[in-house]
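Close look at the chain arrangement
Each chain is listed here by its residues.
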Amino acid sequence: MTITDPRTSPIPGHAVAERLLNSSARHSYDPEIDIDWDAPPVPDMFWMQPERMSLYGTPLWDSLSREQQITLSMHEVASIASVGLWFEIILMQLLLRDVYQQDPRAPRTHYALTEIADECRHSLMFGKAIGKMGIPAYGPRPAFHKLGRIYPSIARGAAAYASILIGEEPVDRWQRDMMKRDDIQPLTRMVARIHVIEEARHVTFARAELEREVARLSRAERLIAQTVTAQGAYVMMRSLVHPDVYASVGIDPREGRRTALGNPHYRATIAWMGEKVMPYLEEQGMVGDGHNRKAWRASFLLP
């Protein structure tokens, strides 16, 4: 019997994995070392781009003082980070379920494990950044938090990797813009920089895996994958800004939530965040029609 060495066999995904492993070895960060956690915040500076905030452009936003706007920016960026941390934990479960069935000698498995290690560091980084701000880790609302417990069991194959892209690419675009700005707090800019550089590899891997998975989907399997992904996108994007952040500046959470969801500027921001990933998912046949397209529009990723 001939034993195939997965390190040298031309199995799909191995070449991409080898390249990403080499990149990981050359360009990885340790947030414990690479972020100055002792540096005080810069006075009178926003924690995220004000024009990307949920109330920007509304009379409610205009009613806030600059100091209140800055306070709200800290709470909003912390909410997004806490939802990102929640998603990273789900992502690690998705990858671990995949790795559980794979050859431990294979480069693809090695890269998946490397990505899991990256996500562990990112989760620690997000948690430590929120703690440094001294405000709550808002996370998703309770109903969505419960759904997150079962999502790794539902999202398999194409749905898993499409969901990973939805969790990574929109936030990646928001952070790419943030990290270039000199008018944003250094802490959140550095967190964004580390996340962007390492997430670029994760996106490459997820796209390669998604393309491999969709090529073998039956019509029924594709519909299921479309539905799971659309619902995941709705939950993810609607969870980014927790209603309780508005209480930090004296706004009733229900009024703030209602204003944000009806704010054309905020809807345009979410659509802007999805401008790269949505055409790609359309090309891969992962958006679908009917009720799935309605879910995508309700997420605001699809105008």
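Reading guide: rules and limits
All residue numbers here refer to positions counted from 1 along the written sequence of the relevant chain. Owing to the predicted nature of the model, reporting of local features is limited to residues with pLDDT of at least 70; listing and counting of side-chain atom pairs is limited to 80 or more, with chain, interface and lining totals taken over all residues. For the side-chain quantities, the full set of heavy atoms in the structure was used; hydrogens and water were omitted. A run of H or I in DSSP becomes a helix once it reaches four residues, and a run of E becomes a strand once it reaches two; helices and strands are each numbered from the N terminus. Residue burial considers only the protein chains on display, and all accessible areas are found by Shrake-Rupley using a 1.4 Å probe. Here the positive residues are Lys and Arg and the negative ones are Asp and Glu; neither His nor the chain ends is included. A charge is said to be at NZ when it belongs to Lys, at CZ for Arg, at CG for Asp and at CD for Glu. Surface patches are drawn from residues lacking salt bridges whose relative accessible area is over 30%; two like charges belong together within 9 Å, two nonpolar side chains (Val, Leu, Ile, Met, Phe, Trp, Tyr) within 5 Å. A carboxyl oxygen of Asp or Glu within 4 Å of a side-chain nitrogen of Lys or Arg is what we treat as a salt bridge. Categorising residues by exposure relies on relative accessible area from a 1.4 Å probe, with only protein chains included: less than 20% of the type maximum marks a residue as buried, more than 50% marks it as exposed, and the intermediate range marks it as partly exposed. Expected span of a helix, by definition, is 1.5 Å for each gap between consecutive residues, and there is one gap fewer than residues. The angle between axes fitted to the seven-residue stretch ending at a residue and the seven-residue stretch beginning at it gives the bend at that residue. The contact criterion used throughout is that any non-hydrogen atoms of two residues lie within 4.5 Å. Side-chain rings of Phe, Tyr and Trp (the six-membered ring for Trp) are treated as a pair once their centres are within 6.5 Å; stacked means planes under 30 degrees apart, edge-to-face means over 60, and tilted covers the remaining angles. Think of it as a cone above the ring: NZ of Lys or CZ of Arg counts as a charge over the ring if it is within 6 Å of the ring centre and within 35 degrees of the ring normal. Fitting a line to C-alpha atoms yields each axis, with helices limited to the stretch in contact; the angle taken between N-to-C directions then spans 0 to 180 degrees. An angle counts as roughly parallel when it lies under 35 degrees, as roughly antiparallel when it exceeds 145, as roughly perpendicular when it falls between 65 and 115, and as oblique in every other case. We call a set of buried Ala, Val, Leu, Ile, Met, Phe, Trp, Tyr and Cys residues a nonpolar core when their side-chain atoms join them within 4.5 Å. Every residue carries a pLDDT, the predictor's confidence in it, which falls somewhere between 0 and 100.

1. Structural notes on the overall build of the chain
The secondary structure content of the chain amounts to 13 helices and 0 strands. When the helices and strands of the chain are listed from N to C terminus, the series reads α-α-α-α-α-α-α-α-α-α-α-α-α. Carbon together with sulfur atoms contributes 56% to the accessible area of the chain, which is approximately 14000 Å² in total. Put simply, the chain has 36 plus and 37 minus side-chain charges, and the middle of one group is 5 Å from the middle of the other.

2. Examining a nonpolar patch on the surface
A cluster of nonpolar side chains, contributed by L147, I150 and I154, occupies part of the molecular surface with about 260 Å² of accessible area. Of note, I150 is situated in helix α6 (residues 142-154). Judged by relative accessible area, I150 falls into the partly exposed class, the value being 43%.

3. A word on α6
For α6, which comprises 13 residues, the first-to-last C-alpha distance of 19 Å matches the rise-based estimate of 18 Å (1.5 Å per residue) to within 8%. Maximal helix bending in α6 amounts to about 35 degrees, located at G148; proline P152 follows within four positions. Within α6 the residues assigned to the buried category are F144, G148, Y151 and P152. The inward-facing, buried residues of α6 contact α4 (66-99), α7 (158-179) and α9 (219-239).

4. Focus: the pattern of salt bridges
Inspection of the entire model under this criterion finds 18 salt bridges. Salt-bridge contacts for K128 lead to E32; the nearest nitrogen and oxygen are separated by 3.0 Å. Within this pair, whereas K128 is found in helix α5 (residues 107-133), its partner E32 is found in helix α2 (residues 31-34), the two being separated by 96 residues in sequence. K128 sits in the partly exposed class, given a relative accessible area of 32%. Between D172 and R176 there is a salt bridge; the shortest N-O distance is 2.7 Å.

5. Some remarks on the environment of P303
Tracing the sequence through the fold places P303 in the segment after α13 (290-299). Under the relative-accessibility criterion, P303 is labelled exposed at 77%. Through-space distance from the C-alpha of P303 to that of L281 is 15 Å; in sequence the pair is 22 residues apart. Aside from chain neighbours lying at most four places away, what touches P303 is A271 and R297.

6. Notes on the packing of aromatic side chains
In this structure the tally under the stated criterion is 4 aromatic pairs. Judged by centre distance (6.2 Å) and plane angle (75 degrees), the rings of Y161 and F205 are edge-to-face. In this pair, Y161 sits in helix α7 while F205 sits in helix α8 (residues 186-214), placing the two residues 44 residues apart along the sequence. Note on accessibility: Y161 and F205 belong to one class, buried. Aromatic rings pair up to connect Y111, Y161 and F205 into one cluster. Over the face of the ring belonging to W272 we find R52, whose NZ or CZ atom lies 3.6 Å from the ring centre. R207 extends its terminal NZ or CZ atom over the ring of Y280, reaching a point 3.9 Å from the ring centre.

7. Re the environment of P59
For P59, the location among the structural elements is in helix α3 (residues 59-62). When the C-alpha positions of P59 and T259 are compared, they lie 9.4 Å apart, and in sequence the two are 200 residues distant.

8. A look at the packing of α4 against α9
Between α4 and α9, the least distance of the axes is 9 Å, while the angle of their chain directions is 150 degrees. For the element pair α4 / α9, the angle class is roughly antiparallel. Counted together, S79, V83, W86 and F87 of α4 and V235, M236 and S239 of α9 form the full contact between these two elements.

9. Thoughts on the nonpolar core
Ranked by internal contacts, the top residues of the largest apolar core, which has 93 residues, are L72, W174, L210, L240, M278, L281 and W296. Of the residues forming this core, the biggest block, 17 residues, is contributed by α4. For M278, the residues in contact, after removing those within four places along its chain, are I166, V287, W296, L301 and L302.

10. Observations regarding α9
Over its 21 residues, α9 extends 30 Å from the first C-alpha to the last, a length consistent with the 30 Å expected when each residue adds 1.5 Å. Listed as buried for α9 are A225, Q226, V228, T229, A230, G232, A233, V235, M236, M237, R238 and S239. The inward-facing, buried residues of α9 abut α4, α6, α7, α10 (253-261), α11 (264-273) and α13.

11. Here we look at the confidence of the model for the chain
The predicted model of the chain averages 92 in pLDDT, with 96% of residues at 70 or higher. In this model, residues 1-11 is a region of pLDDT below 50 whose contacts with residues beyond four sequence positions or in other chains number 13 contacts.

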